Every structure is written in C-alpha cells, then in structure tokens.
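Secondary and tertiary structure notes
If you want the building blocks of each chain, they are given just below.
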Amino acid sequence: MSDADGTSRAPQFTNQQQYKLDSAARLGNTEEAVRLVSEGLAHPNQPWIDSDGDGRLPLCVAAGEGHTDTVEALVSLNADVQRAESWGARDAPLHYAAYYGRTATVAKLVELGARPSQRNGEGKSPRELALQENHPQTASVLEQAEQAERRQQEALCAAAQAGRTEEVLRLLEQGADP
C-alpha cells in the first residue's frame, strides 16, 4: 500500500489483531510473531494502541525486552528498524534496547541497519540513553557503531565529491545514509 506521495504504509489491522503481535513481541514468542505476520493477521509496522492511547510498535517492544531473535524475525518480515513510535519520547527500536541495556539486541539492530546516530523526539541518541541509564557496555557498543557510521559517511562524501559512482553505489548498498 502507498500513500499519495508514494511512501509505503502498513495496511490497517484491528487493535485486537495488533495486540496479539504486541504480546508475542513482549514475550519473545518469535514463532507466534512470525505466524501472525506471515498469515496476514497483523503487521510489524502498525502499533497496538494501549489503554492510554499510546501506540506501541512490535519491534520497539521486542527490542526493549531484549528478545533478539524476535527482533531479527520481525525485521525479516519488513519491520522498519528506523521507525519511531509516535508518542512519548518518540523512541525507535534502538533507543529502547539501549535504554534497557540490551547489548546483544543493540548489536543486532545495528547489524540490521539501525542508525546509532538517530535522535529521538527529545534529541537523545541511543548511546546517550544507555549512559543515562548506566549501561556502559551497551554505550560502548553504540560508540563503536557511531564511529563506524561516521567513517562510512565520510567515505560516501569523499567518493561522491570525487565522482566515484561505483564506490558511492557500493557504500549505499552497504547501508550508508545519504
């Protein structure tokens, strides 16, 4: 499905359908999460709206709980690793994993394309949240990922300025952020 501007949007499922996916993500029930999405019973980029009216994205829930296998499965089913929730601090999955010190999940999200430099609605990076919550190991992993992201960005800029099209395309394929 696409909006008028051509951007992709999730089909609309009932809140009850999305609740089942939220529950599977929260509990780390990867098999159930995969079943729900694969059978078209829920969508990984549509939130479940809780009783406070806040929309919880399945990938954010799984990331915050540290369910790395579920995170990987949801991403393989097209869950957006950059998508932030639309309430509160507007955190993305990497912010949740960092805040709760889920180091293995942080590493997996970065491997799957999450940008460690992404800021939430309060202007905080995942590393800043990890430090704020006293998770030094998680912060260290994120610092290394930020450095790698900066190096990749510098290489992309240098290749573009020098007119090295093949190198630019290779870097973009590897996930460099234009």
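Above this text you will find the structure in question.
Rules used throughout
- Residues numbered from 1 in each chain as written.
- Predicted model: local features only at pLDDT ≥ 70, side-chain atom pairs only at ≥ 80, totals over all residues.
- Heavy atoms only, no water.
- Salt bridge = Lys/Arg side-chain N within 4 Å of Asp/Glu carboxyl O.
- Helix = DSSP H or I, 4+ residues; strand = E, 2+ residues; numbered from the N terminus.
- Buried < 20%, exposed > 50% of the residue type's maximum accessible area, 1.4 Å probe, protein only.
- Core = buried A, V, L, I, M, F, W, Y, C linked by side-chain atoms within 4.5 Å.
- Contact = heavy atoms within 4.5 Å.
- Axes fitted to C-alpha atoms, helices over the stretch in contact; angles between N-to-C directions.
- Parallel < 35°, antiparallel > 145°, perpendicular 65-115°, else oblique.
- Left-handed = near helix turned anticlockwise from the far one by under 90°.

Quick word on the pattern of salt bridges
One pass over the structure, following the stated rule, counts nine salt bridges. Across the pair Asp-22 and Arg-26 runs a salt bridge whose closest N-O atoms are separated by 3.9 Å. On the criterion of helical spacing, the pair formed by Asp-22 and Arg-26 is a turn pair, its members being four residues apart in helix α1 (residues 15–27). A salt bridge links Arg-56 to Asp-22, with the shortest nitrogen-to-oxygen separation between them at 3.1 Å. Pair noted here: Arg-56 is in strand β2 (residues 55–56) and Asp-22 is in helix α1, with a separation of 34 residues, a long-range link. On the accessibility criterion, Arg-56 (23% relative accessible area) is partly exposed. With relative accessibility at 1%, the residue Asp-22 sits in the buried group. Each of Asp-22, Arg-26 and Arg-56 takes part in one network of salt bridges that share partners.

Observations concerning the nonpolar core
The biggest cluster of nonpolar side chains holds 26 residues, and the ones touching the most others in it are Leu-21, Leu-59, Leu-74 and Leu-109. Mapped onto this core, the elements with two or more residues apiece are α1, α2 (30–38), α3 (58–65), α4 (68–76), α5 (93–99), α6 (103–111) and α8 (136–161). No other element matches α3, which puts four residues into this core. Not counting the four nearest positions on each side in its chain, Leu-59 is found in contact with Val-71, Leu-74, Val-75, Ala-79, Asp-80, Val-81 and Pro-93. Among the nonpolar cores identified, the runner-up in size contains five residues, and Ala-159, Val-168, Leu-171 and Ala-176 belong to it.

A word on the side chain of Glu-146
Turning to its location among the elements, Glu-146 is positioned in helix α8. Accessibility expressed as a relative area gives 9% for Glu-146, which makes it buried. The contact partners of Glu-146, leaving out residues within four places of it in the chain, are Pro-116, Ser-125 and Arg-127.

Focus: the packing of α1 against α2
Where α1 meets α2, the axes come as close as 8 Å, and the angle between the chain directions of the two elements is 155 degrees. It follows from the interaxial angle that α1 and α2 lie roughly antiparallel. Crossing angle aside, the handedness with which α1 passes α2 is left-handed. Note on element contacts: α2 touches α1 through Glu-32, Ala-33, Leu-36 and Val-37, opposite Lys-20, Leu-21 and Ala-24.

As far as function goes, none of this settles anything; it's purely spatial.
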